[in-house]
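Single-letter residue listing:
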Amino acid sequence: MTQDTKMDESVHPVTSTVIGETTKTIDDRALDEAAKYLANHEEFGPMTPEQEKKIVKKIDSWMIPLLVFCATLSAVDKVEIGTASLYGFQTDNGMVGQQYSWLGSILPLGTLIGLVPASWLIQRFPPGKLLAAGSLLWSCCTLCYAPCRTWAGFMGLRFLLGFLEAVSTPCFTVLVASFYKKEEQPPRNGIIFAYFSSIFNGFFAWVIGYIPADAPLRRWQYLYLLTGSINVLYSIFLWFVLPDSPMNAFFLTAEQKYHATRRLASNRTGIANKVWKWDQVWEALLDIRVWLIVLYNIVINIPNGGLQSFGSIIINNLGYTPLVSSLLTMPFGILATGGAWAFSYIAARWHNRRTLTAALALLLPIFGTALVYGLPRTNVPGQMVGLYFMYFYWPPYVVAISLVQANTAGMTKKAVTYSLVTIGYAAGNLIGPQTFRAKEAPKYTTGVVAMLVSYCVCMLILMVYWLLGAWENKRRDRKYGKAEAVHEGTIEGFVDVTDKQQRDFRYTT
């Protein structure tokens with residue numbers, strides 16, 4: 001049986017797309033790894049809904065815990081500097097003025113530079129192995145904080161940590177897109193990119209608080225030794241167990257691997273292709289939707305950069321002891337994680353309303369920021385409620401990640417796009433700490449106003465993204481007719497072409 005694929009003239013037509021016959025009509029360079037896998041694999045017949053449910057459940061039971069713990073430990077490495085400050089990190093190391101703020105900004109600067117090689121690495125190497133290797137390296141970097149005692153040394157370590165962690169978000173994003181359908185991705189993002197780091201960080205800080213003051217090392221040094229050691233051990237474990245795609249997932253049977261791979265054809269985004277294509281690079285660089293999400297990531301992460309470095313300090317400045325302050329940071333993670341799950345679930349169920357879902361979620365941190373800005377510092381309960389609501393900035397960030405996964409096809413374009421989006425994340429985190437001026441402590445008016453403005457700008461960006469996506473979908477419907485589903489038994493969804501080159505691709509809004 002043969003089917004003609006519908007692609008723009010820039011893509012070679014496929015005259016015969018039956019599994020096993022693809023290489024006769026398509027240049028091997030244009031084929032996704034999944035197409036080659038299916039072409040050389042024994043067929044198992046159609047997949048039943050019951051089989052698919054079982055496969056997805058099995059993938060969830062392995063991939064979600066593996067990625068959640070890795071993402072959480074990665075985030076702990078970045079945010080625990082705020083907790084360390086509760087235990088004398090700044091005073092012990094003689095920091096003055098904006099030196100601490102620069103420690104918050106130098107890490108995302110390292111990420112910005114690290115994304116240059118990361119965009120190439122993520123396209124050339126298996127994402128599971130790349131993530132495990134990166135995790136091991138940045139964990140070793142975390143251990144080095146303990147013996148360091150100079151501001152210049154910490155600046156170097158923070159820069160190196162950011163540089164090494166540049167591969168993390170692109171790897172997480174690729175892995176989710178490699179295992180799940182478009183409609184399945186938002187709730188998984190909500191779990192994997194959850195804000196568990198505040199819970200873990202608060203717990204570790206609480207444990208460290210019971211170390212005697214006359215111990216050989218400072219308490220903040222024990223904090224870094226504890227988290228770094230845990231992360232090193234987990235990174236080694238991850239190297240051996242984390243798969244790169246359904247095709248090499250050890251926990252799936254041969255038949256389940258086949259069906260788990262084949263069912264992703266409907267995404268039209270592919271799984272893996274190691275041929276670097278410059279035309280896809282230029283398309284990513286000229287795609288306005290990509291730059292809108294990059295801009296969105298910059299703006300939404302200005303609050304993130306500030307809160308990561310100063311959240312626990314703000315609580316401490318309200319009059320709480322370091323031990324109590326560390327415990328009070330734990331609800332940050334619970335609220336942000338619960339919000340991410342809830343809004344990601346809504347985004348998955350509410351068809352083509354992801355931008356609207358993210359915009360509605362932004363109302364919560366706007367409310368919280370307004371409370372912190374408007375209430376007097378003496379109203380401690382009101383200040384705490386406002387601070388907790390400010391951490392609801394995380395759900396709209398997580399929902400927006402699913403837009404990139406759903407709307408980007410072509411492996412080289414995906415690699416470049418994911419890196420550009422992470423550059424936005426890093427740039428926002430670089431700017432954020434600088435809005436918190438030491439002379440404005442304890443209220444930090446500039447930082448709070450910057451957050452409020454950032455949330456409002458994000459809502460505007462989401463509206464523009466929605467309008468562009470909806471307009472493009474209608475234009476394609478008028479020109480080509482309604483989009484056709486991927487034909488059963490073909491490699492149509494596994495040709496390494498971009499979203500713009502596929503007539504039947506429709507953008508998720």
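Asker: For this particular structure, what's the right way to read the overall build of the protein chain?
Answerer: Within the protein chain, the regular secondary structure consists of 21 helices and zero strands. When the 509 residues of the protein chain are sorted by exposure, 60% land in the buried category. Relative to all contacts within the protein chain whose residues are 6 or more apart in sequence, the contacts with residues 24 or more apart total 82%.

Asker: Please clarify how the side chain of Thr-435 should be interpreted in this entry.
Answerer: Relative to the assigned elements, Thr-435 resides in the loop between α20 (411-434) and α21 (445-480). The contact partners of Thr-435, leaving out residues within four places of it in the chain, are Ile-302, Glu-440, Thr-446, Gly-447 and Ala-450.

Asker: So what exactly am I meant to see when it comes to the pattern of salt bridges here?
Answerer: Should the charged atoms of two oppositely charged side chains come close, the side chains can pair. Under the definition given, this model contains 13 salt bridges. Residue Asp-287 is joined to Arg-289 by a salt bridge in which the shortest nitrogen-to-oxygen separation is 3.8 Å. The closest approach of N and O atoms between Asp-499 and Lys-413, which form a salt bridge, is 3.0 Å. Of this pair, Asp-499 sits in the segment after α21 while Lys-413 sits in helix α20; the two residues are 86 residues apart in sequence, bridging distant segments of the chain.

Asker: What am I meant to see in a nonpolar patch on the surface here?
Answerer: Judged by side-chain polarity, Tyr-345, Ile-346, Trp-350, Leu-356, Leu-360 and Leu-363 come together as a nonpolar surface patch covering roughly 540 Å² of accessible area. For the nonpolar patch, the secondary structure elements donating two or more residues are α15 (330-349) and α16 (354-361). Mapped onto the elements, Tyr-345 comes out in helix α15.

Asker: Mind showing me how you'd approach the state of the cysteines here?
Answerer: Covalent bonding between the sulfur atoms of two cysteines defines a disulfide. Inspection of every chain in the model, using the stated rule, returns zero disulfides. Its sulfur unpaired, Cys-458 is 9.2 Å from the next cysteine sulfur, which belongs to Cys-456.

Asker: Just to check I follow, could you spell out the packing of helix α9 (residues 196-208) against helix α10 (residues 219-241) for this structure?
Answerer: A pair of packed helices can be characterised by two numbers: the angle between their axes and the separation between those axes. At a minimum axis separation of 10 Å, α9 and α10 run at an interaxial angle of 130°. When the interaxial angle is binned, α9 and α10 end up oblique. Considering only the axes of α9 and α10, their crossing is right-handed. Where α9 approaches α10, its residues Phe-204, Ala-205 and Ile-208 are matched on the opposing element by Arg-219, Tyr-222, Leu-223, Leu-226, Thr-227 and Ile-230.

Asker: Whenever I open this one, the packing of aromatic side chains confuses me. Can you help?
Answerer: The description of two aromatic rings rests on the distance between their centres and on the angle between their planes. Across all of its chains, the model carries 25 aromatic pairs by this definition. Ring plane angle 85° and centroid distance 4.8 Å describe the contact between Phe-69 and Tyr-234, whose orientation is recorded as edge-to-face. Of this pair, Phe-69 sits in helix α2 (residues 49-86) while Tyr-234 is found in helix α10, placing the two residues 165 residues apart along the sequence. A relative accessible area of 27% places Phe-69 in the partly exposed class. Feature note: the residues Phe-69, Phe-200, Phe-203, Phe-204, Trp-206, Tyr-210, Tyr-234 and Phe-237 constitute an aromatic cluster, connected by ring pairs. Just above the ring of Trp-239 sits the side chain of Lys-129; from NZ or CZ to the centre is 5.5 Å. Seen from the ring of Tyr-507, Arg-289 lies directly overhead, with NZ or CZ sitting 3.9 Å from the centre.

Asker: Is there a simple way to think about helix α17 (residues 363-374) in this case?
Answerer: Because each turn of an α-helix spans 3.6 residues, side chains separated by three or four positions end up pointing in the same direction. The terminal C-alpha atoms of α17, which comprises 12 residues, lie 16 Å apart, in line with the 16 Å expected from a rise of 1.5 Å per residue. Residues of α17 that are buried include every one of Pro-365, Ile-366, Gly-368, Thr-369, Leu-371 and Val-372, and no others. Where the residues of α17 are buried, they touch α16, α18 (380-390) and α21.

Asker: Help me understand the environment of Gly-447, please; the structure alone is not making it clear to me.
Answerer: With respect to the element layout, Gly-447 can be found in helix α21. Gly-447 sits in the buried class, given a relative accessible area of 0%. Gly-447 sits 10 residues away from Arg-437 along the chain, and the two C-alpha atoms are 7.6 Å apart.

Asker: In this structure, what is going on with the environment of Gln-123? I would like to understand it.
Answerer: On the secondary structure map, Gln-123 appears in helix α4 (residues 99-124). With a relative accessible area of 3%, Gln-123 lands in the buried category. In this structure, the C-alpha to C-alpha distance between Gln-123 and Ala-415, residues 292 residues apart in sequence, is 5.7 Å.

Asker: I tried to follow the nonpolar core on my own but got confused; where do I start?
Answerer: In globular proteins that are soluble, nonpolar side chains generally tend to be buried together. Within the largest apolar cluster, 117 residues are counted, with the highest numbers of intra-cluster contacts made by Ile-59 and Leu-131. Ranked by residue count, the leading element in this core is α2, at 13 residues. Among residues more than four places away in sequence, those in contact with Leu-131 are Leu-67, Cys-70, Trp-138, Ser-168, Cys-171, Phe-172, Leu-175 and Leu-242.

Asker: Please explain the environment of Pro-376 as it appears in this structure.
Answerer: Along the chain, Pro-376 falls in the loop between α17 and α18. Residues Pro-376 and Lys-443, spaced 67 residues apart in sequence, show a C-alpha to C-alpha distance of 9.5 Å.

Asker: Please explain the confidence of the model for the protein chain as it appears in this structure.
Answerer: Segments scoring low in pLDDT should not have their predicted coordinates read at a detailed level. The predicted model of the protein chain has a mean per-residue pLDDT of 81, with 87% of residues at 70 or higher. Residue range residues 1-25 is modelled with pLDDT below 50. Its contacts to residues more than four positions away, or to other chains, number 57 contacts.

Cut-off values and rules
- Residues numbered from 1 in each chain as written.
- Predicted model: local features only at pLDDT ≥ 70, side-chain atom pairs only at ≥ 80, totals over all residues.
- Heavy atoms only, no water.
- Helix = DSSP H or I, 4+ residues; strand = E, 2+ residues; numbered from the N terminus.
- Buried < 20%, exposed > 50% of the residue type's maximum accessible area, 1.4 Å probe, protein only.
- Contact = heavy atoms within 4.5 Å.
- Salt bridge = Lys/Arg side-chain N within 4 Å of Asp/Glu carboxyl O.
- Patch = residues over 30% accessible without salt bridge, like charges linked within 9 Å, V, L, I, M, F, W, Y side chains within 5 Å.
- Areas by Shrake-Rupley, 256 points an atom, 1.4 Å probe, with all protein chains shown as cover.
- Disulfide = S-S within 2.5 Å.
- Axes fitted to C-alpha atoms, helices over the stretch in contact; angles between N-to-C directions.
- Parallel < 35°, antiparallel > 145°, perpendicular 65-115°, else oblique.
- Left-handed = near helix turned anticlockwise from the far one by under 90°.
- Phe/Tyr/Trp six-rings, centres within 6.5 Å; stacked < 30°, edge-to-face > 60°.
- Lys NZ or Arg CZ within 6 Å of the ring centre and 35° of its normal.
- Expected span 1.5 Å × (residues − 1).
- Core = buried A, V, L, I, M, F, W, Y, C linked by side-chain atoms within 4.5 Å.
- pLDDT = per-residue confidence, 0-100.

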